[in-house]
Amino acid sequence: MAYKGFILHHSRCPSINGKGFDFWVATDGSIYAAPLLTDPEYIHVCLEGNFGEENTLPPLSKRKNQLFAAGKLILELAARYQIDPLVVETHTKTCPGAFFPWNELVIYPADGYH
């Protein structure tokens, strides 16, 4: 399969409802995979939490673990499926949310894992 990139979601997205993503990244950094990849063009990664409202963000300590795990997952999947890890798109204008910490998501292969 030739994937184009990754789509990021947050778990408060109304279209998720327990479906529609390939990998779930919990606030503690745990990763859960769906049994099958669901989209022939993109791999969907859902981060637990609501990044649409500033007062509902996961605490910084949990967010760091979560974003580290998400970045590592994206890099590993990019290598496995030969995808550019920098092709990470939002699901919609409101998902993963206006307060998603894009600058904290490390997905540059040259940087390695921090």
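Shown above is the structure to which this text applies.
Values in this document were obtained by computation on a predicted structure and should not be read as measured data.

A. Main features of the overall build of the protein. Of regular secondary structure, the protein possesses one helix and five strands. Listing each helix as α and each strand as β along the protein from the N terminus yields β-β-β-β-α-β. In the protein, which comprises 114 residues, the share counted as buried stands at 42%. Counting every atom, the protein has about 6,600 Å² of accessible surface; 53% of that belongs to carbon and sulfur.

B. Fine view of unusual backbone geometry. In this chain, C95 is followed by P96 through a cis amide linkage whose omega measures 20°. Among the structural elements, P96 can be located in the segment after β5 (88-90). Although it is not a glycine, Q82 adopts a positive phi angle of roughly 55°. Tracing the backbone shows Q82 in the loop between α1 (60-81) and β5. What makes Q82 exposed here is its relative accessible area of 74%.

C. Here's a closer look at the sheet that holds β5. With mixed pairing, the five strands of this open sheet are ordered in space as β3-β2-β4-β1-β5. Strand pairing shows two members of the sheet lacking a second neighbour, β3 (31-33) and β5, which therefore form its edges. Strand-to-strand twist of the sheet, defined as the mean angle between neighbouring strand axes without regard to direction, takes the value 25°. With three bridges connecting them, strand β2 (residues 23-25) and strand β4 (residues 42-47) associate as parallel partners. Opposite F23, over in β4, you have V45 as the bridge partner.

D. Here's a closer look at the pairing of β4. In terms of burial, β4 is largely enclosed, as six of its six residues are buried. Alternating positions in β4 separate into two faces, Y42, H44 and C46 on one and I43, V45 and L47 on the other, with burial throughout.

E. Looking closely at the pattern of salt bridges. Using the criterion set out here, one finds two salt bridges in the structure. Among the salt bridges present, the one from K4 reaches E41, with a minimum N-O distance of 3.5 Å. With K4 in the segment before β1 (5-10) and E41 in the loop between β3 and β4, this pair connects stretches of sequence that are 37 residues apart. Judged by its relative accessible area of 37%, E41 is partly exposed. One salt bridge connects R63 with E104, and the closest N-O pair in it is separated by 3.2 Å. With R63 in helix α1 and E104 in the segment after β5, this pair connects stretches of sequence that are 41 residues apart.

Cut-offs and rules
Residues numbered from 1 in each chain as written. Predicted model: local features only at pLDDT ≥ 70, side-chain atom pairs only at ≥ 80, totals over all residues. Heavy atoms only, no water. Helix = DSSP H or I, 4+ residues; strand = E, 2+ residues; numbered from the N terminus. Buried < 20%, exposed > 50% of the residue type's maximum accessible area, 1.4 Å probe, protein only. Areas by Shrake-Rupley, 256 points an atom, 1.4 Å probe, with all protein chains shown as cover. Pairing = 2+ DSSP bridges. Axes fitted to C-alpha atoms, helices over the stretch in contact; angles between N-to-C directions. Salt bridge = Lys/Arg side-chain N within 4 Å of Asp/Glu carboxyl O.

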